[in-house]
Amino acid sequence: MATRLQTEINQEKTAAMQYWPIFNLTTGQFIGCCGLKPVVNGAELGYHLRSEFWHQGYAAEAAAAAIHYAFNQLKLPQLVAGHHPANLASGIILRNLGFHFIGTEYYAPTGLEHPTYVLVPQ
């Protein structure tokens, strides 16, 4: 875990992006993380929430904030995102945020083809 944290800290220093923690502002509970990872021609958007916080709007809210930062602060030309093929809710979130399906991409950790999306600034 320390290695992953150091990776995120270094990425913030070099690319001004990372996966940021998400906390409930009322209770202080840790919800998960959302952020950006540099890729060729932009960044990859991702979010990971603790299961007890699924289906409550946190992923969409955090992703919208990351998108705003990516396009308005970093001036990135595009974002890409993907999700596990069984996680239909994430696909709905991405489409509701304006992402467009562009195909599937093999993801080695799962050994599956993951739906992949792109979003460009308006």
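As the structure is a computational prediction, the values presented were derived from the model and not from experiment.

Draft legend 1. Spotlight on the pattern of salt bridges. Summed over the entire model, instances satisfying the criterion amount to two salt bridges. Close ionic contact of E44 with K37 constitutes a salt bridge, the shortest N to O distance being 3.7 Å. With its nearest N and O atoms 2.4 Å apart, the salt bridge here joins E52 to R50.

Draft legend 2. Highlighting the nonpolar core. Grouped together as the largest cluster of nonpolar side chains are 25 residues, with contacts concentrated most on C34, L36, L45, I67, L79, L94 and F99. Mapped onto this core, the elements with two or more residues apiece are strand 2 (30-39), strand 3 (42-49), helix 2 (58-73), strand 4 (79-82) and strand 6 (112-119). The element contributing the most residues to this core is helix 2, with eight residues. Setting aside residues no more than four positions away along its own chain, F99 makes contact with L45, I67, L79, V80, A81, L94, Y117, V118 and L119.

Draft legend 3. Structural view of unusual backbone geometry. In this model, H55 sits at a positive phi of 60°, which is unusual for a non-glycine residue. Within the secondary structure, H55 sits in the loop between strand 3 and helix 2. You can call H55 exposed: its relative accessible area is 70%.

Draft legend 4. Looking closely at helix 2. With 16 residues, helix 2 extends 22 Å between its outermost C-alpha atoms, agreeing within 8% with the 22 Å of an ideal straight helix rising 1.5 Å per residue. All of the buried residues along helix 2 are Y58, A59, A62, A63, A66, I67, A70 and F71. Summarising the contacts, the buried residues of helix 2 are in contact with strand 1 (19-23), strand 2, strand 3, strand 4, helix 3 (88-96) and strand 6. Just downstream of helix 2 lies K75, where phi reads positive at about 55°.

Draft legend 5. How the structure looks around the sheet that holds strand 1. The strand order across the open sheet formed by six strands is 1-2-3-4-6-5, and the pairing between neighbours is mixed. With partners counted over all chains shown, the strands left at the sheet margins are strand 1 and strand 5 (100-107), one partner each. Adjacent strand axes in the sheet meet at a mean angle of 30° when their direction is disregarded. Note that strand 4 and strand 6 share four bridges and pair antiparallel. Within strand 6, the position partnered with V80 by the bridge is V118.

What counts, and at which threshold
Residues numbered from 1 in each chain as written. Predicted model: local features only at pLDDT ≥ 70, side-chain atom pairs only at ≥ 80, totals over all residues. Heavy atoms only, no water. Salt bridge = Lys/Arg side-chain N within 4 Å of Asp/Glu carboxyl O. Core = buried A, V, L, I, M, F, W, Y, C linked by side-chain atoms within 4.5 Å. Buried < 20%, exposed > 50% of the residue type's maximum accessible area, 1.4 Å probe, protein only. Helix = DSSP H or I, 4+ residues; strand = E, 2+ residues; numbered from the N terminus. Contact = heavy atoms within 4.5 Å. Expected span 1.5 Å × (residues − 1). Pairing = 2+ DSSP bridges. Axes fitted to C-alpha atoms, helices over the stretch in contact; angles between N-to-C directions.

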